[in-house]
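Structural description and commentary
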Amino acid sequence: MRVLLIEDEGLAAERLRELILKYDPGIEIVAQLDSVADTVQWLASNPPPDLAFFDIHLADGLSFEIFERSELRCPVIFTTAYDAYALKAFKVNGIDYLLKPIDAAELAGAFHRYEQLRVNFSSPALPEINALQKAMQQLVAPGYKSRFVVKNGPFLHAVPVEEIAYFYHENKIVWLKKSDHKKHAIDYTLEQIEEMLDPKRFFRLNRKYIAAFPAIREVVVFSGSRLKVTLIDPVDKEAILISRERVELFRRWLDQ
């Protein structure tokens, strides 16, 4: 079996490699990569592996971007420290979803799932995986969040997503900034929020900001191929930079 590892944490990658080879010493680890860009390049110049392990949070973005930039024709077992991406994982090639730290017994269960479906992996349609994806999606409420509940003194009220300009992280707190310039602290991480939002309306600019399209005031080419974004009613004067790896995704998002 030829296995591809995508993991940006060195110790986590080595532990996963050890667990895989302990499960089956005959497995060949064909590559160990740590970024979206390197994975896209590797997939373009190598035959597909039999199975891939994808960490979700990589050095230059989420591993889901790989599916947008490459044609991946193998099943994927996702590994992550977060449980907010299960639905998205099963919308692509996911056959299992392991939370870190990975347990040897859970890893063995994931391999057993792969073995049960292996006979179908040579088919372009991957019928068994498609059926599994549909079944998993039915277990999770579909759709994106339409409003967020915030606290204002002793009162709670719901803010429709149409009234939200952007979310940002500051001093270990995640804030919701409204179009009317008011802001509210909310009890979610940006990673959780990113999964809840409609990607046609919101974009993860960087590790600090998720912005709605109407909140984008200006985009300027900055320092070669990078982009600098200015938001309507910014919270500070800090430049919001789009990394080179995410520029093309951002351009496509603007051009929908």
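That block above? That's the structure.
Now for a quick tour of the structure. Not measured: the values here are computed from a predicted model.

Bringing the side chain of arginine 246 into the picture now. Among the structural elements, arginine 246 can be located in helix α8 (residues 244-254). For arginine 246, a relative accessible area of 11% puts it in the buried group. Side-chain polar atoms of arginine 246 contact the backbone oxygen of arginine 204, separated by 2.9 Å. When near neighbours in sequence (up to four residues on either side) are disregarded, arginine 246 contacts Asp60, Gly61, Glu65, Phe203, Arg204 and Leu205.

Taken together, Phe213, Val219 and Leu254 make up a surface patch of nonpolar side chains, about 220 Å² in accessible area. Looking at the element boundaries, leucine 254 is found in helix α8. With a relative accessible area of 31%, leucine 254 lands in the partly exposed category.

Attention now moves to the packing of aromatic side chains. Using the criterion set out here, one finds 16 aromatic pairs in the structure. Aromatic pair phenylalanine 203 and tryptophan 253: ring centres 5.3 Å apart, planes at 35 degrees, arrangement tilted. Placement of the pair is phenylalanine 203 in strand β13 (residues 202-204) and tryptophan 253 in helix α8, with a sequence separation of 50 residues. The pair phenylalanine 203 / tryptophan 253 is uniform in exposure class, with both members buried. Here the aromatic residues Phe54, Phe64, Phe67 and Phe78 are joined through ring pairs into a cluster of three or more. Directly above the ring of phenylalanine 148 sits lysine 145, whose terminal nitrogen or CZ lies 5.3 Å from the centroid. Across the ring face of tryptophan 175, the terminal group of lysine 183 is positioned such that the distance to the ring centre comes to 4.4 Å.

A word on the sheet that holds strand β16 (residues 226-231). The strand order across the open sheet formed by three strands is β15-β16-β17, and the pairing between neighbours is antiparallel. At either end of the open sheet lies a strand with only one pairing partner, and these are β15 (216-222) and β17 (240-242). Between one strand axis and the next, the sheet turns by 30 degrees as a mean value, whatever way the strands run. Strands β15, β16 and β17 of the sheet are contacted by α8, whose axis makes an angle of about 55 degrees with β16.

Bringing the layout of surface pockets into the picture now. Put simply, the second largest pocket is a space of about 500 Å³. His57, Leu58, Ala59, Gly61 and Arg207 are, among the 23 residues lining the second largest pocket, the residues nearest its centre. Its residues assigned to classes, the lining of the second largest pocket comprises seven nonpolar, five polar and eleven charged.

Enumeration according to the criterion identifies twelve salt bridges in this entry. Here arginine 73 and glutamate 71 are joined by a salt bridge, their closest N and O atoms 3.2 Å apart. In this structure arginine 73 comes out as partly exposed when scored by relative accessible area, which is 42%. For the salt bridge of arginine 252 with glutamate 248, the shortest nitrogen-to-oxygen distance reads 4.0 Å. With a gap of four residues between them, arginine 252 and glutamate 248 both fall in helix α8, about one helical turn apart. Residue classification places arginine 252 among the partly exposed residues on the basis of a relative accessible area of 37%.

All right, on to the environment of leucine 249 then. As for its position among the elements, leucine 249 is in helix α8. You can call leucine 249 buried: its relative accessible area is 9%. Each C-alpha atom, one on leucine 249 and one on arginine 69, is 9.1 Å from the other, the two residues being 180 residues apart in sequence. Setting aside residues no more than four positions away along its own chain, leucine 249 makes contact with Glu65, Glu68 and Phe203.

Cut-offs used in this document
- Residues numbered from 1 in each chain as written.
- Predicted model: local features only at pLDDT ≥ 70, side-chain atom pairs only at ≥ 80, totals over all residues.
- Heavy atoms only, no water.
- Helix = DSSP H or I, 4+ residues; strand = E, 2+ residues; numbered from the N terminus.
- Buried < 20%, exposed > 50% of the residue type's maximum accessible area, 1.4 Å probe, protein only.
- Polar contact = N/O pair within 3.5 Å; in protein donor to acceptor, adjacent residues only side chain to side chain.
- Contact = heavy atoms within 4.5 Å.
- Patch = residues over 30% accessible without salt bridge, like charges linked within 9 Å, V, L, I, M, F, W, Y side chains within 5 Å.
- Areas by Shrake-Rupley, 256 points an atom, 1.4 Å probe, with all protein chains shown as cover.
- Salt bridge = Lys/Arg side-chain N within 4 Å of Asp/Glu carboxyl O.
- Phe/Tyr/Trp six-rings, centres within 6.5 Å; stacked < 30°, edge-to-face > 60°.
- Lys NZ or Arg CZ within 6 Å of the ring centre and 35° of its normal.
- Pairing = 2+ DSSP bridges.
- Axes fitted to C-alpha atoms, helices over the stretch in contact; angles between N-to-C directions.
- 1 Å grid on protein atoms, 1.4 Å probe; cavity = no way out; pocket = protein on both sides within 12 Å on 5 of 7 lines; lining within 4 Å.
- Points joined across faces, edges and corners; volume = space filled by probe spheres on them.
- Nonpolar A, V, L, I, M, F, W, Y, C, P; charged D, E, K, R; others polar.

Remember, this is a structural readout, not a statement about activity or role.
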